[in-house]
Amino acid sequence: MTMNDIPQAPTTWCDPDDVGAPLPETDEVEADPQTVQIPPAESFEVLRRASEEELRAQERGEQLNPLESGRAAITIALTPLCQLEGAVMLGVSLLEAVVKRVEQVDEDAVEAYLPDWLFDHDNLTAADVPELLVERVRRDLADSVVVSTMGKEAVEQLRSGLSAILAAQRHDVAEFSRHVNPDIDPEWLIDGCQEICVALAAHAATIGWQRPEVDVSNVFASLDMVSEPDLVRTLLRQAQQ
């Protein structure tokens, strides 16, 4: 099966009550493309692992075939909504993780390395860090060099992914449904969410202890899911009311 075998997602791709097919119990049984539905916590975990593995390969200087990556397998097997759940919860969990990271430094009284985008703020608290992290990523996306290198459409895709993640984090139903609805190309949105997670993790990795650099893959390796696994479907159901 190749990426070309993936059918067009139906217009009801973000139906929160869509059950989907169960994961085949053996390798001998092949599921139809984009039909498998697994719990949100599992969607988060498979995407977390795939992101970590891809980044570790890049950090070793290895060239990966995008069609053979872990994320490609996720794209082929899981329903678009299932993919989105994993990507959005990955982003929300990253934003919560940076709070815990700075809190741990404070509690342990460890001398921490803070990047300039945090160090320059007086009276910094752990609760301030997610907003400052998002602000830093938005500044990157507004940079003329980044826009000219990536292209306006790719930058807009990342911005949409970030907006969907932030709306979920704030439990903002109206804003979330503006970015996640049947009229949106799910593949475009899902890729945006996945890629912006890497951008968030890249800056999160610069918040370190006793040394200025930590591999970005380590951010994903140590990431735990937030306590609301059904958040995406809850927001979609509330939007229908």
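The shown structure was predicted, so the numbers you read here are calculated from the model rather than taken from an experiment.

A. Quick look at the pattern of salt bridges. Overall, the coordinates contain 12 salt bridges when judged by the stated rule. Arginine 71 is paired through a salt bridge with glutamate 54; the nearest N and O atoms lie 3.4 Å apart. Of this pair, arginine 71 sits in helix 2 (residues 70-77) while glutamate 54 sits in helix 1 (residues 40-59), and the two are 17 residues apart along the sequence. Here arginine 71 and glutamate 54 have matching classes, each one buried. Residue glutamate 195 pairs with arginine 71 through a salt bridge whose shortest N-O separation is 2.9 Å. Of this pair, glutamate 195 sits in helix 9 (residues 186-204) while arginine 71 sits in helix 2, placing them 124 residues apart in sequence. Where salt bridges share partners, they join Glu45, Arg48, Arg49, Glu52 and Arg56 into one cluster.

B. Fine view of the confidence of the model for the protein chain. Here the protein chain averages 86 in pLDDT, and 85% of its residues register 70 or above. Confidence drops under a pLDDT of 50 for residues 1-7, and excluding neighbours within four residues, the segment shows 15 contacts in the predicted structure.

C. Summary view of the packing of helix 1 against helix 2. Running from N to C, helix 1 and helix 2 cross one another at 150 degrees; their axes reach a closest spacing of 8 Å. Accordingly, the angle class assigned to the pair helix 1 and helix 2 is roughly antiparallel. On helix 2, the residues touching Val46, Leu47, Ala50, Ser51 and Glu54 of helix 1 are Gly70, Arg71 and Ile74.

D. Region of the structure containing the environment of arginine 138. Examined against the element boundaries, arginine 138 turns out to sit in helix 5 (residues 129-142). Separated by 20 residues in the primary sequence, arginine 138 and leucine 158 have C-alpha atoms spaced 9.6 Å apart. Ignoring anything within four residues of it in the chain, the contact list for arginine 138 reads Leu162 and Leu166.

E. Structural detail: the nonpolar core. The biggest cluster of nonpolar side chains holds 61 residues, and the ones touching the most others in it are Leu84, Leu94, Phe176, Val180 and Cys193. When contributions to this core are tallied by element, the ones reaching two or more residues are helix 1, helix 3 (80-108), helix 4 (116-119), helix 5, helix 7 (152-170), helix 9, helix 10 (216-221) and helix 11 (231-240). Per-element tally for this core: the top contributor is helix 3, with 13 residues. Excluding residues within four positions of it along the chain, phenylalanine 176 makes contact with Ala164, Ala167, Ala168, Val232, Leu235 and Leu236.

F. Quick look at unusual backbone geometry. Here glutamine 34, not a glycine, exhibits a phi torsion of approximately 55 degrees, which is positive. Inspection of the secondary structure assignment puts glutamine 34 in the segment before helix 1. In this structure, histidine 171 takes a positive phi of about 60 degrees despite not being glycine. Position of histidine 171 relative to the elements: it lies in the loop between helix 7 and helix 8 (173-179).

Conventions adopted
- Residues numbered from 1 in each chain as written.
- Predicted model: local features only at pLDDT ≥ 70, side-chain atom pairs only at ≥ 80, totals over all residues.
- Heavy atoms only, no water.
- Salt bridge = Lys/Arg side-chain N within 4 Å of Asp/Glu carboxyl O.
- Helix = DSSP H or I, 4+ residues; strand = E, 2+ residues; numbered from the N terminus.
- Buried < 20%, exposed > 50% of the residue type's maximum accessible area, 1.4 Å probe, protein only.
- pLDDT = per-residue confidence, 0-100.
- Contact = heavy atoms within 4.5 Å.
- Axes fitted to C-alpha atoms, helices over the stretch in contact; angles between N-to-C directions.
- Parallel < 35°, antiparallel > 145°, perpendicular 65-115°, else oblique.
- Core = buried A, V, L, I, M, F, W, Y, C linked by side-chain atoms within 4.5 Å.

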